[in-house]
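# Architecture at a glance
Letter by letter, the chains look like this.
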Amino acid sequence: MPKPSSTPPRDRAPHPNSLYYGDCLEIMRDWPGQCVDLIYLDPPFNSKANYNQTFGKGNGVPAQVRAFTDTWIWGEAASERVEKLKRAVNHPAHKVICGLEAIMGECGMLAYLSYMAERLAEMKQLLKSTGSIYLHCDPSASHYLKLLMDAIFGADNFRNEIVWQRGTASGGKAGGKKFVPNHDVILHYGSFENFNRQYIPYTAEYIAQRFKHYDDKGRRYRLQLGDRRQYLSESKGKPISDIWIDISPLNVMAKERLNYDTQKPVALLERVVKSSSNPGDLVLDPFCGGGTTLQAAANHCRKWVGIDISPRAIDLVKDRRFKDSTIPTHGIPADMESARMMLDRNPFDFEAWAVTRIEGLAPNQVQVGDGGIDGRGRIFDPVEGETGLVIAQVKGGGYSATALRDFQHVMDREKATAGVFITLNKTTVKPAMAKAAQMGTYKIGASSFPRLQFWSIEEHMAESRTSPALPPMADPNTGKAMQQDLFRNP
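Since we're looking at a predicted model, the values are computed, not measured. (Residues numbered from 1 in each chain as written. Predicted model: local features only at pLDDT ≥ 70, side-chain atom pairs only at ≥ 80, totals over all residues. Heavy atoms only, no water.)

## As for the overall build of the protein
The condition is simple: Segments assigned H or I by DSSP are reported as helices when at least four residues long, segments assigned E as strands when at least two residues long, and all are numbered from the N terminus. Any pair of residues with heavy atoms lying within 4.5 Å of one another is described as a contacting pair. Every accessible area reported is derived by Shrake-Rupley at a probe size of 1.4 Å, with residue values counting cover from the shown protein chains alone.
Check the secondary structure of the protein and you find 14 helices and 21 strands. For the protein, restricting intrachain contacts to residue pairs at least 6 apart in sequence, the fraction spanning at least 24 positions comes to 67%. Of the roughly 24000 Å² of accessible surface on the protein, 50% is carried by carbon and sulfur atoms.

This is the structure in structure tokens:
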């Protein structure tokens, strides 16, 4: 009789054309092996950090608000990840992590690579033997990531190091001290079986130079070796190489912009989807962000699954990317019962989700010892004399006089223009409402707003759905004015 396994069965297949909220590592562990045809991932870059300080302890700045707080910073979480991988002698990234630790020591880069090693190994379990994976990164880490990819997916399965020219080079911030950075790297691993070669049309100049001949029917052709004729009408175009310079950057494709910091052009992802999948295949993006991969997959009749740890990203995909569709979402509360379950299961996740129900607020990056602030944002155009800072505190257990008094002190300490006290259930205690009213109001234009107000998930879930009374807010990621009604679905 076989011994019972300590590993839970991987039998919860991902639901096609749906979103999952949470850490992709935990979510992917529930899914059966070899169920995905194509994976594209655009994980957090170190783009906001000083690359010259990448290898120093404590240096490096997370690239995406709360989601990757410890990704680029050496700390307790990173140390535990590395030690676990060093002990796991059968893990495909074991030797690489051991070697990298010997070379670079404890640093932000090793923290990032150990984070990626755990998740890439789970992706390998999900990928079909005929599948492909594309990892989008930048030159600060691409060489280290290639070592991980070789170890996990097999060096024999390496297909391309694709260079994507992001735009037209300009002076930028290089200051004349180096060549202007102008490309990302996409590492492609996978099977030859499922690759569909892509072509770009010949330019008029190329046609004039190469297809110089006409037959007696007026068909244009060129001569190849052995006097073989290649007719223009039968030619697919120029095969796409591993250097992509023909896809416009997002600032050119303004109509696509969703004001998501790491958003990529749809055309870039359409090329990936068409190259390494077929209609009906399942495409996974485990760091889906603004949902460009999901859009590209849908455009070409592929099924898709998106995962993200940012509630804002989930909202963006549902409310902007697929606003005319009903997209099933797993892990995001849809009613009071599921909100209460989320609060009981993971209070930190509940805090982050509750904060992002309010337009313009982002979760605090520090979850323990956060100084009484669970979320913050900025009024887009505050009046003179006001900081424009808006802070929030989440108390799932409900209002208490002590908690409210402490939050008032935090508002004073931070010189916040406004504060929102968030609870699971609506606060109706009259003394609490009176204390909030004593904080007074502030004016933006002709409108007055309360400096301190209560707001609840119960009000968010109600049919008449109400939001806190706030003026136009700045987007936490871009600083631009928020598009109103962005976060209206639960």
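Anyway, onward from the coordinates.
## Some points on the sheet that holds strand β16 (residues 375-378)
The following threshold applies: For two strands to be treated as a pair, DSSP must find at least two bridges joining them.
Taken together, the five strands give an open sheet; going across it, the order is β15-β16-β17-β18-β21, and neighbouring strands pair in mixed fashion. Two strands in the sheet have a free side with no partner beyond their single neighbour: β15 (362-363) and β21 (452-456). Pairing between β15 and β16: two bridges, direction antiparallel. Pairing of A362 across the sheet is with R376, part of β16.

## A few points about the packing of helix α4 (residues 108-126) against helix α5 (residues 142-153)
What counts is decided by this rule: The angle between two axes is taken between their N-to-C directions and runs from 0 to 180 degrees, where each axis is a line fitted to C-alpha atoms and a helix contributes only its stretch in contact. To sort the angles, those under 35 degrees are grouped as roughly parallel, those over 145 as roughly antiparallel, those from 65 to 115 as roughly perpendicular, and the leftovers as oblique. Less than a right angle of anticlockwise turn of the near helix away from the far helix marks a crossing as left-handed, whereas a clockwise turn marks it as right-handed. In this count, Pro and Cys sit with the nonpolar residues alongside Ala, Val, Leu, Ile, Met, Phe, Trp and Tyr, while Asp, Glu, Lys and Arg are called charged and the others, Gly among them, polar.
At a minimum axis separation of 10 Å, α4 and α5 run at an interaxial angle of 30°. By the angle class used here, α4 and α5 are roughly parallel. Considering how the two elements wind past one another, α4 and α5 form a crossing that is right-handed. Counted together, M109, Y112, L113, M116, A117, L120, A121, M123 and K124 of α4 and Y144, L145, L148, M149, I152 and F153 of α5 form the full contact between these two elements. By residue class, the composition of the contact of α4 with α5 is 14 nonpolar, no polar and one charged.

## Here we look at the pattern of salt bridges
Here is the rule: Basic side-chain nitrogens of Lys or Arg form a salt bridge, by our definition, when they fall within 4 Å of a carboxyl oxygen of Asp or Glu. Exposure is judged per residue with a 1.4 Å probe applied to protein chains only, and the accessible area is read against the type maximum: over 50% gives exposed, under 20% gives buried, and values in between give partly exposed.
This structure, assessed with the given rule, holds 17 salt bridges. As a salt-bridge pair, R119 and E118 come within 3.2 Å of each other at their nearest N and O atoms. For the pair formed by R119 and E118, the shared burial category is buried. Ionic contacts of the salt-bridge type, sharing partners, join the residues D23, K84, E118 and R119 into one network.

## Section: the nonpolar core
Spelled out, the test is: Residues enter a nonpolar core if they are buried and are Ala, Val, Leu, Ile, Met, Phe, Trp, Tyr or Cys, with the set joined through side-chain atoms within 4.5 Å.
Membership of the largest hydrophobic core comes to 53 residues, with the highest contact counts inside it found for L19, W244, F350, W353, I422 and I457. Of all the elements, helix α11 (residues 347-355) adds the most residues to this core, at five residues. Those residues in contact with W353 that sit more than four places away from it in its chain are P311, I332, P333, A339, M342, I457 and M461. Of all hydrophobic cores here, the second largest spans 50 residues; its members include Y20, V36, M116 and L187.

## A look at the pairing of strand β17 (residues 389-395)
We count it as follows: We call a crossover right-handed when, viewed with the strands running away from us, the connection from the first strand over the helix to the second turns clockwise.
Among the seven residues of β17, six are classified as buried, and the element is accordingly described as predominantly covered. Between the parallel elements β17 and strand β18 (residues 418-423), the chain passes through helix α12 (residues 401-414) in a crossover that is right-handed.

## Some details on the confidence of the model for the protein
Threshold: A residue's pLDDT is the predictor's confidence in that residue, given on a scale from 0 to 100.
When pLDDT is averaged across the protein, the result is 86; 87% of the residues are at 70 or more. pLDDT under 50 marks residues 1-8. Its contacts with residues more than four places away, or in other chains, come to zero contacts.

## Brief notes about α4
Selection rule: In this analysis, the expected span of each helix is defined as 1.5 Å times one less than the number of residues it contains.
Its 19 residues give α4 an end-to-end C-alpha distance of 28 Å, which sits within 8% of 27 Å, the value for a rise of 1.5 Å per residue. Counting buried residues along α4, 17 of its 19 residues qualify, which places the element largely inside the surrounding structure.

## A short note on the packing of helix α3 (residues 94-104) against α5
Closest axis-to-axis distance for the α3/α5 pair is 10 Å, and the angle between their directions is 155°. Here α3 lies roughly antiparallel to α5, going by the angle between them. In this structure, α3 crosses over α5, and the sense of that crossing is right-handed. When α3 is examined against α5, the residues V96, I97, L100 and M104 are found in contact with a partner set consisting of Y144, L147, L148 and A151. Its residues assigned to classes, the contact of α3 with α5 comprises eight nonpolar, no polar and no charged.

## Here we look at the sheet that holds strand β1 (residues 18-21)
Overall, mixed pairing links the nine strands, which are arranged β11-β4-β5-β3-β2-β12-β13-β1-β14 in an open sheet. A strand with exactly one partner marks an edge of an open sheet, and here the two such strands are β11 (243-244) and β14 (329-330). Two strands pair when backbone bridges link them, and β1 and strand β13 (residues 303-308) are joined in this way by four bridges, in the parallel orientation. Counted as the bridge partner of S18 is V305 from β13. Of the strands in this sheet, β3 (127-137), β4 (158-165) and β5 (183-190) touch α5, which is tilted by about 5° from β5. Sitting on the sheet, helix α8 (residues 292-299) touches β1, β2 (36-41), β12 (282-285) and β13, and the angle it makes with β13 is about 175°.

## Some thoughts on unusual backbone geometry
Glycine aside, a negative phi is what most residues show, and trans is what most peptide bonds show. Of note, N17 is a non-glycine position whose phi angle comes to about 55°, a positive value. Structurally, N17 can be placed in the segment before β1. Unusually for a residue other than glycine, C301 sits at a positive phi of about 60°.

## Some thoughts on the packing of aromatic side chains
Each aromatic ring pair is described using two quantities: the centre-to-centre distance and the angle formed by the ring planes. Stated precisely, the cut-off is as follows: Aromatic pairing here means that ring centres of Phe, Tyr or Trp (its six-membered ring) are within 6.5 Å. Orientation follows from the plane angle: under 30 degrees is stacked, over 60 is edge-to-face, and everything else is tilted. Note on geometry: a ring has a charge over it if NZ (lysine) or CZ (arginine) is within 6 Å of the ring centre and within 35 degrees of the ring normal.
A full pass over the atoms with the stated rule returns 12 aromatic pairs. An angle of 70° between the planes, with centres 5.2 Å apart, marks the rings of Y20 and W31 as edge-to-face. Of this pair, Y20 sits in strand β1 while W31 sits in the loop between α1 (24-28) and β2, and the two are 11 residues apart along the sequence. Grouping residues by exposure puts Y20 and W31 together as buried. Taken together, Y399, F407, F421 and F454 form an aromatic cluster joined through their ring pairs. When the ring centre of F192 is taken as origin, the NZ or CZ atom of R159, which lies over that ring, is 3.7 Å away. For the cation-ring pair, R271 lies above W244, with the distance from its terminal atom to the ring centre recorded as 5.0 Å.

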